[in-house]
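Summary of the model geometry
Spelled out from the first residue to the last, the chains are:
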Amino acid sequence: MRLTYPPNVKIVKVPCTGRVDIIHMLKAFENGADGVFVAGCLEGECHFLKGNLRAKKRVAQTKALLDECGIGGDRIAMYNLSSAQGQRFAEISREMTEKVRQLGPNPARKGRAKAA
Amino acid sequence: MIVANRKPFEEIVELVKAYKSILLLGCNECVTVCAAGGAKEVAVLASELRMHREKEGQPIEVKEHVLERNCDPEYVVSLAPIIGDAEAILSMACGCGIQFVGEHYRQMRVLPAVNTTFDGVAEEQGVWAERCLGCGNCILDKTLGVCPVTRCAKSLFNGPCGGSHGGKCEVSDETPCGWQLIVDRYKEMNMLDKYMEIQPLKNWSTSRDGGPRKRVREDLKL
Amino acid sequence: MSASNLEKVLKGGNFAVTSECGPPRGADAEVVSKKGSYLKGYVDGVNVTDNQTSVVRMSSIAAAVLLKQMGFDPIMQMVCRDRNRIALQSDLLGAAALGLDNVLCLSGDHQKFGDHPTAKNVFDIDSMQLIQTIKQLRDEGRFLGGEEVKGRPDMFIGCAENPFADPFEIRAMRLAKKAACGAQFVQTQCIFNVPKFEKWMEMVRDLGVHEKIYILAGVTPCKSIGMARYMQKSVPGMDVPEELITRLKGVPKENVAEEGIKICVETIEQMRAIKGVAGVHIMAIEWEQKVAGIVEAAKLYPRPAI
């Protein structure tokens, strides 16, 4: 299909979103990511039955943690799409990139605050 | 297990405000099982603290460590090289662990990152509830396994108060009435007449009211 | 027998009438005498609540003494929430020394409902153990610790029971237990659901408890539909049937209070017909001025002079 999506999106592959833990998402931000989105299978379509539903709860919890430590919960989101929806993936990547651009850089990126 | 609950983030931030380098200490026992202060919770809090302080322009070094037990000297003594040049220890262990580490490293401030809440059970995944107050004088035989001291909001010994309604405690609709649970047990076991036994005044001297408690087993002492 | 007027009235086979006086939220003795003045001559005894609903008020001992000075026979309420066995025994001796002759033993509402929800509660002993304690001081002349009491407190001992709270099946047994502990009279929670109360009385009679303890049926006049609704929805252990609210709604707004009183009088009449009910306890919450009219309408006036 040769779809294009923003080059700033780095993909971390996991066997199932059920593998994604809160600390993984936090680490992404601690290491400088400006935004994170978790792309899981459609609800009800998980090969492991509940992996994407667990991920949904963990993303919600991570949102709350990011809010309390001042990074902002808006920088993280969960999307559900099937592996056949390449178009949708590109669309989400653009959508998320645009949203994060509006939010500005990750305020906790190392050395950033000092420099500012 | 001992059940604890992490303190609000702002309170923790305030506790470590003066430090640039801390050791964030967890415990592999109760607080791990109740998901308040095990390796996972230590990693999450450490990450949050680093990001928060980075954002504030006051970076903090947070070393993470989890002791097998914070309430046993053989593990606590192993902490010396790990503390290194940390200025303070922020502990996610229960109140016992926080104190015990402090007793061993008297030059260190050991700060609590959790509120130690109760002795309880995991009623289901992610839900913990109180079961024992440690009164030192168990009467669970009399009440068929439901503790009136702990599970009745008023620790009544001779039956429910007038506020028991639909199986709930007057204190909260979320809380089962301890005496309803006891009466249910009496009925299940066909022992409702046992309710008529009058429970005498409790001797609270075995409880915290007798002062801090201690237990010694001479045969185990070295 | 104690010097209690209430005890004499009950032992004389009279249908007793008691009411209630909640002490003020301040040090003003006038408030007590004003509330008392509404009840004078219409009751055999008057309850003085002990920081009810866990809201701080003038102590029940002090307010009871003020009422005693007015010629009342006060029933001092004592809750186990705020005092341990040392303070309870001490206050009981003090109350007796000040001439109080009746005590009503209660566990006490949880402090969560009051104006000091962050307080530590005591609950060293429960209401049944308090009954036993007072009986021991009075009849055996021994403190809980075993030492001799020099000058025994001669008290008429009361308790409360809520026939409408759960679990219902043990509510009559619970009264039997209190009687076995030494309670001599009981005042019940406000009765709005008469059939349920009758059912409870039947269970009480089956256990023969009505012969061991004087049962005073609690009644409350509803001032308004809002009050009835509040009690129905928000007061744990209160049973206000929907029919009562419907009946109040059925009269013009200006007649609701009057209808509430009428229902209360009818309830008293129903209570008099129930075997084993020895009297009524009228709880006119912040409406003490209506008690006299209720007593008269129920043909319970004048009160026996003993």
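Parameters at a glance
- Residues numbered from 1 in each chain as written.
- Chains lettered and ligands numbered in written order.
- Predicted model: local features only at pLDDT ≥ 70, side-chain atom pairs only at ≥ 80, totals over all residues.
- Heavy atoms only, no water.
- Helix = DSSP H or I, 4+ residues; strand = E, 2+ residues; numbered from the N terminus.
- Rg over C-alpha atoms; globule rule 2.2 N^0.38 Å.
- Buried < 20%, exposed > 50% of the residue type's maximum accessible area, 1.4 Å probe, protein only.
- Contact = heavy atoms within 4.5 Å.
- Buried area = accessible area lost by both parts, 1.4 Å probe.
- Salt bridge = Lys/Arg side-chain N within 4 Å of Asp/Glu carboxyl O.
- Pairing = 2+ DSSP bridges.
- Axes fitted to C-alpha atoms, helices over the stretch in contact; angles between N-to-C directions.
- Polar contact = N/O pair within 3.5 Å; in protein donor to acceptor, adjacent residues only side chain to side chain.
- Phe/Tyr/Trp six-rings, centres within 6.5 Å; stacked < 30°, edge-to-face > 60°.

1. Here we look at the overall build of chain C
Tallying secondary structure elements over chain C gives 11 helices and eight strands in all. Scaling as 2.2 N^0.38, a compact globule of 306 residues should have a C-alpha radius of gyration of about 19 Å, and chain C matches this with 19 Å. The principal-axis extents of the C-alpha atoms in chain C amount to approximately 60 × 45 × 45 Å. Here chain C holds 306 residues, and 58% of them are scored as buried. Pairs at least 24 apart in sequence give 77% of the contacts found in chain C among residues at least 6 apart.

2. Considering the interface of chain B and chain C
You'll often see interface size given as the accessible area lost when the parts meet. Contact residues are listed per partner, giving 31 residues for chain B and 32 residues for chain C. Across the interface of chain B and chain C, roughly 2600 Å² is buried in total on both sides, 59% from carbon and sulfur atoms. Broken down residue by residue, the surface that chain B buries against chain C is led by Lys154, Ile198 and Leu201 of chain B, which jointly contribute 23%. Where chain B meets chain C, there are one salt bridge.

3. Things to note about the pairing of strand β8 (residues 277-282) of chain C
Residues and elements named next belong to chain C. Counting buried positions along β8 yields six of six residues, so the element is predominantly enclosed. Where strand β1 (residues 16-21) lies against β8, four bridges are found, and the strand directions are parallel. Bridge pairing links Thr18 to His281 in β8.

4. Side note on the arrangement of the chains
Ranking by contact count across two pairs of chains in contact places chains B and C at the top. The smallest C-alpha distance separating chain A from chain C is 27 Å, and no contact links them.

5. Some words on the sheet that holds strand β7 (residues 214-219) of chain C
Residue and element names in this part refer to chain C. Spatially, β1-β2-β3-β4-β5-β6-β7-β8 is the arrangement adopted by the eight strands of the closed barrel, whose pairing is parallel. Between one strand axis and the next, the sheet turns by 30° as a mean value, whatever way the strands run. Both β7 and β8 contribute to a ladder of five bridges, which runs parallel. Following the sheet pairing, Ala217 is matched in β8 by Val280. Those strands touched by helix α6 (residues 171-181) are β5 (156-161), β6 (185-190) and β7, and its axis lies near 165° from that of β5.

6. Considering the interface of chain B and chain A
Of the residues lining the interface, 15 residues belong to chain B; the matching set on chain A comes to 20 residues. Both faces combined, the contact of chain B with chain A buries some 1400 Å², and carbon together with sulfur accounts for 62% of it. The tally of links from chain B across to chain A stands at three salt bridges. In this structure, Glu30 of chain A engages Arg50 of chain B in a salt bridge whose closest nitrogen and oxygen atoms are separated by 2.8 Å. In this structure, the connection of chain B to chain A is made through six residue pairs in polar contact (both at pLDDT 80 or more).

7. Remarks on the side chain of Thr49 of chain C
Residue and element names in this part refer to chain C. Following the sequence through the fold, Thr49 ends up in the loop between β2 (45-48) and α3 (60-69). Accessibility expressed as a relative area gives 3% for Thr49, which makes it buried. Within the structure, Thr49 has its side chain in polar contact with the side chain of Gln52 (distance 2.7 Å). Thr49 has contacts with Glu20, Cys21, Gly22, Pro23, Ser60 and Gln77, leaving out every residue within four places of it along the chain.

8. Describing the packing of aromatic side chains
Tallying each qualifying case throughout the model produces eight aromatic pairs over all chains. Centre to centre, the rings of Tyr5 of chain A and Phe89 of chain A are 5.3 Å apart; their planes meet at 85°, and the pair counts as edge-to-face. With Tyr5 of chain A in the segment before α1 (22-30) and Phe89 of chain A in helix α3 (residues 86-103), the pair connects residues that are 84 residues apart, well separated along the chain. Classification of Tyr5 of chain A by relative accessible area gives partly exposed; the value is 33%. Each ring, one from Phe156 of chain C and one from Phe185 of chain C, has its centre 4.9 Å from the other, and the planes form 25°; the classification is stacked. Here Phe156 of chain C, found in strand β5, pairs with Phe185 of chain C, found in strand β6; they are 29 residues apart in sequence, far enough to count as distant. According to the relative accessible area criterion, Phe156 of chain C is buried, its value standing at 0%. When its relative accessible area of 0% is taken as the criterion, Phe185 of chain C is described as buried.

9. Quick notes on the pattern of salt bridges
The final tally for this structure, using the stated rule, is 38 salt bridges over all chains. A salt bridge links Lys40 of chain B to Asp21 of chain A; the nearest nitrogen and oxygen atoms lie 2.7 Å apart. Here Asp21 of chain A lies in the segment before α1 and Lys40 of chain B lies in helix α3 (residues 39-55), a pairing that spans two chains. For Lys40 of chain B, a relative accessible area of 54% corresponds to the exposed category. For Glu170 of chain B, the salt bridge goes to Lys154 of chain B, with nearest N and O atoms at 3.2 Å. Of this pair, Glu170 of chain B sits in the loop between α7 (148-151) and α8 (178-188) while Lys154 of chain B sits in the loop between α7 and α8, and the two are 16 residues apart along the sequence. Comparing Glu170 of chain B with Lys154 of chain B, the two get one shared label, buried.

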